[in-house]
Structure formats: C-alpha cells, structure tokens
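Each chain is listed here by its residues.
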Amino acid sequence: MKLTAALIIAFLACWHAAFSQIIIIREDMPDVGDTIRLSSTITTGDIDYSLTGEDYLWDFSTLVPVTQQIDTFVSVSSTPFIYRLIFTSSVATIARSEPDVDFIPDYPVTDVFTYFKETDNEFHEAGVALTLSGIPLPVKYDEPDVLYRFPMVYGNIDSCESSVELQFPDLFYFSMDKKRKNTVDGWGTLLTPYGSFPVLRVKSEVTEIDSVYIDSLNTGYRIPRNYLQYKWLGADHGLPLLQVDEEGLVLTVNYIDSLRIITSVEEASAWQENLRIYPNPANAALTLEWNHPGSGKVSVWICTLDGREVFRTERYLTGTGLHREIIPLEGMSLAPGVYILFAAIDGAPPATQKFVYRHL
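Every value quoted in this text rests on a predicted model; they were computed, and no experiment measured them.

## Some thoughts on the overall build of the chain
No. 1: From N to C terminus, the chain includes three helices and 20 strands.
No. 2: Expressed as a percentage of its 360 residues, the buried residues of the chain come to 44%.
No. 3: When contacts within the chain are restricted to residue pairs at least 6 apart in sequence, those whose partners lie at least 24 apart make up 60%.
No. 4: Accessible area of the chain: about 18300 Å², with a carbon and sulfur share of 54%.

## Notes on the side chain of Glu-122
No. 1: Turning to its location among the elements, Glu-122 is positioned in strand 6 (residues 122–132).
No. 2: Exposure remark for Glu-122: the relative accessible area of 15% places this residue in the buried category.
No. 3: Beyond its immediate chain neighbours, meaning those up to four positions away, Glu-122 contacts Lys-117, Val-146, Tyr-148, Arg-149 and Phe-150.

## Looking at the pattern of salt bridges
No. 1: This model, assessed by the stated rule, comprises 19 salt bridges.
No. 2: Where Glu-122 meets Arg-149, a salt bridge forms, and the shortest distance between an N and an O atom there is 3.0 Å. With Glu-122 in strand 6 and Arg-149 in strand 7 (residues 135–149), this residue pair connects regions lying 27 residues apart in the sequence.
No. 3: Close ionic contact of Lys-178 with Asp-145 constitutes a salt bridge, the shortest N to O distance being 3.1 Å. Pair noted here: Lys-178 is in strand 9 (residues 172–192) and Asp-145 is in strand 7, with a separation of 33 residues, a long-range link.
No. 4: What you see here is one network of salt bridges that share partners, running through Asp-145, Lys-178, Arg-180, Glu-208, Asp-210, Arg-225, Glu-247 and Lys-354.

## Quick look at the sheet that holds strand 15 (residues 285–292)
No. 1: With antiparallel pairing, three strands are arranged side by side in an open sheet as 14-15-18. Since the sheet does not close on itself, it has two edges, and those belong to strand 14 (276–278) and strand 18 (321–328), each with one partner. Ignoring strand direction, the axes of neighbouring strands in this sheet form an average angle of 20°.
No. 2: Pairing between strand 15 and strand 18: eight bridges, direction antiparallel. Opposite His-292, over in strand 18, you have Gly-321 as the bridge partner.

About the cut-offs
- Residues numbered from 1 in each chain as written.
- Predicted model: local features only at pLDDT ≥ 70, side-chain atom pairs only at ≥ 80, totals over all residues.
- Heavy atoms only, no water.
- Helix = DSSP H or I, 4+ residues; strand = E, 2+ residues; numbered from the N terminus.
- Buried < 20%, exposed > 50% of the residue type's maximum accessible area, 1.4 Å probe, protein only.
- Contact = heavy atoms within 4.5 Å.
- Areas by Shrake-Rupley, 256 points an atom, 1.4 Å probe, with all protein chains shown as cover.
- Salt bridge = Lys/Arg side-chain N within 4 Å of Asp/Glu carboxyl O.
- Pairing = 2+ DSSP bridges.
- Axes fitted to C-alpha atoms, helices over the stretch in contact; angles between N-to-C directions.

Have a look at this one:
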C-alpha cells in the first residue's frame with residue numbers, strides 16, 4: 001500500500017511538472033560558445049500563430065524550411081579591440097557574430113557584431129559594431145532595447161524605449177527610435193519539426209522610426225515601422241524555439257532545428273536571393289532584375305504596408321538567365337512612403353522586398 005501511494009505521488013509530481021508553466025530566467029539565455037542552428041521559412045501554412053492561452057498546444061510540426069543558418073555567440077573579449085573601447089564589461093556581456101553586408105555600393109561592411117547584456121533582471125540588446133571600408137564603427141544604443149525581463153512568467157507586461165544614431169561624415173547618417181511592449185500572453189506546449197517543448201509565449205509590439213540620409217545620393221527618407229514579434233521560449237535553449245515576425249504582409253519564421261537537407265524549395269530560395277530592385281528610394285520607375293531559372297509564370301505585385309494592392313502584373317517567361325522588368329510608378333497615384341514588392345514563380349512562396357516611393 002505504501003508503495004502504491006508513493007507511485008501515485010510520483011506520478012502526480014511528474015504530471016504537474018509536465019503541465020504547469022515554466023519560468024524563464026537569465027540562465028535560459030545564450031552562452032558564450034553557443035552555436036544554434038535555425039531554420040527559416042516565410043509562412044506557417046494554415047496555422048494561426050496569433051492564437052494563445054493557458055496550457056495551450058501550438059502545433060507547428062509541419063513547418064518546412066526554406067533556408068538554414070547558424071547563430072554564433074562569442075565573448076566580448078574576442079571581438080575587435082576598438083569595439084571593446086565602447087562595449088566594455090559594464091555595457092555588454094556577450095556578442096553575436098553577424099554576416100557581412102553591403103548596404104552602400106563600393107563600401108564593404110565587415111566584422112559585424114550585435115552586443116547584448118545579461119543580468120539577473122533582464123536581457124537587452126546594447127548596440128552594434130561594424131567596419132565600413134576598413135573604419136571601425138562601434139555604436140552603443142543611447143537606451144538599450146530590453147528583449148526580456150526576469151523572472152518571466154505568464155501575465156508579465158513590460159515596455160521600453162531605445163534609440164541609436166550613426167553618422168559617417170560625407171557618406172551617410174542613420175538613426176533609429178524604437179518603442180517595445182512585451183506581453184507574456186500564453187504558456188503550454190510547442191511542437192516543431194525539432195521536437196516538443198514546454199514554453200512561454202511572448203508577444204512584442206514594436207513601433208520604430210528609421211531615418212536615413214545618404215550624402216552621395218543627396219537623398220534622405222524617414223521610414224515608420226510597426227511590427228509584431230511572437231516568441232516561444234523554452235528553458236535553456238538560448239534563442240526562442242520559434243519566432244514569427246509580422247510586418248504588414250511580410251512574415252518571417254525562424255525556429256531552432258537540426259540539420260536539414262533542403263531540396264523541395266531550392267528554386268524558391270534562389271529566387272529570394274537573386275531578386276534585386278533599384279533605385280531605392282524610387283520615384284518615376286522601379287527596376288527588377290533576377291536570374292530566371294527557366295519557363296514559368298511570373299507574378300509581380302505591390303502592396304501598401306496595410307495590405308492594399310496597388311499594382312499587379314503576370315506574364316509567362318521562357319528561357320534562363322538575367323531578366324529585367326521595369327515598373328512605372330508615376331501613373332499609380334502613390335502617396336510617398338514605404339511599399340512592399342512581391343514576386344513569385346509558378347505560385348512558389350514569393351520573394352518580398354521593401355522600397356521607398358518619393359514623389360518628384
């Protein structure tokens with residue numbers, strides 16, 4: 001009889017552990033030396049990712065990756081010395097290596113890092129550092145972007161305001177002002193192709209204003225952004241097990257995963273990588289260029305950030321190689337602002353790119 005009672009107590013303890021909400025703390029954030037593989041896609045299919053609740057089951061087990069990447073976290077002391085003059089131990093405790101970028105023609109950007117600080121109370125993004133044409137540019141946020149506050153439990157609500165300003169004389173100026181509101185709006189079980197996990201769900205509502213001025217083009221513009229981030233956090237995984245970013249009609253889905261051989265969406269992935277639009281900002285016309293993989297129907301459409309379609313064209317193309325499409329903007333009666341261009345081949349997941357329209 002005593003043995004039976006002990007078994008019942010043990011069963012109830014296991015049941016409670018399996019079905020009660022978890023608590024996220026500092027130790028669940030990334031550690032130096034972590035290399036975390038992420039799969040990415042641009043749709044959740046028929047799954048409504050916005051749904052949530054208590055003891056909720058989110059089943060994303062049918063997700064299919066388009067690409068994969070590995071996020072690598074390193075010690076601050078291993079980043080370039082000049083960066084560390086700004087990102088001291090009081091400012092940042094860990095850094096993530098980022099891919100090189102090329103956002104200004106003929107000015108290569110290398111040695112890119114994002115810096116974070118972990119404390120017992122919060123995990124925040126402290127700033128970024130990069131080297132532009134051999135010149136190091138470490139930039140600390142005036143106020144950090146607080147991603148999580150600890151201990152994190154269901155029902156928590158917090159907010160923050162962050163900002164950053166970057167200026168390279170005679171070349172460009174950039175500033176960003178951001179407001180974030182985080183709500184822990186659910187807990188339960190998450191299913192992905194990687195496995196089953198107890199999680200907390202965090203919804204982040206972000207309002208951001210980016211201001212850019214490029215001296216060489218004598219052009220400046222202001223981009224207001226409003227987007228949502230849904231994050232499913234599990235214990236001791238470093239990054240969200242799943243994150244869905246929604247901005248207008250553009251959806252980005254990232255989830256922790258094992259190594260996958262990606263074969264079924266290679267064409268769609270190549271289309272995403274090869275599509276180029278210019279000029280950006282645009283006024284009279286927008287030019288698209290891509291390496292066409294072969295015969296097929298190409299669909300191109302433009303929408304406002306709130307989803308209203310303002311242009312669409314479809315045509316059947318044959319042959320392979322570089323293809324160029326010019327879209328006249330003058331006759332569309334567009335208001336100045338940010339628009340989203342979608343382009344798809346034979347109904348495959350579309351490539352998406354934003355551009356700024358400036359009326360002459």
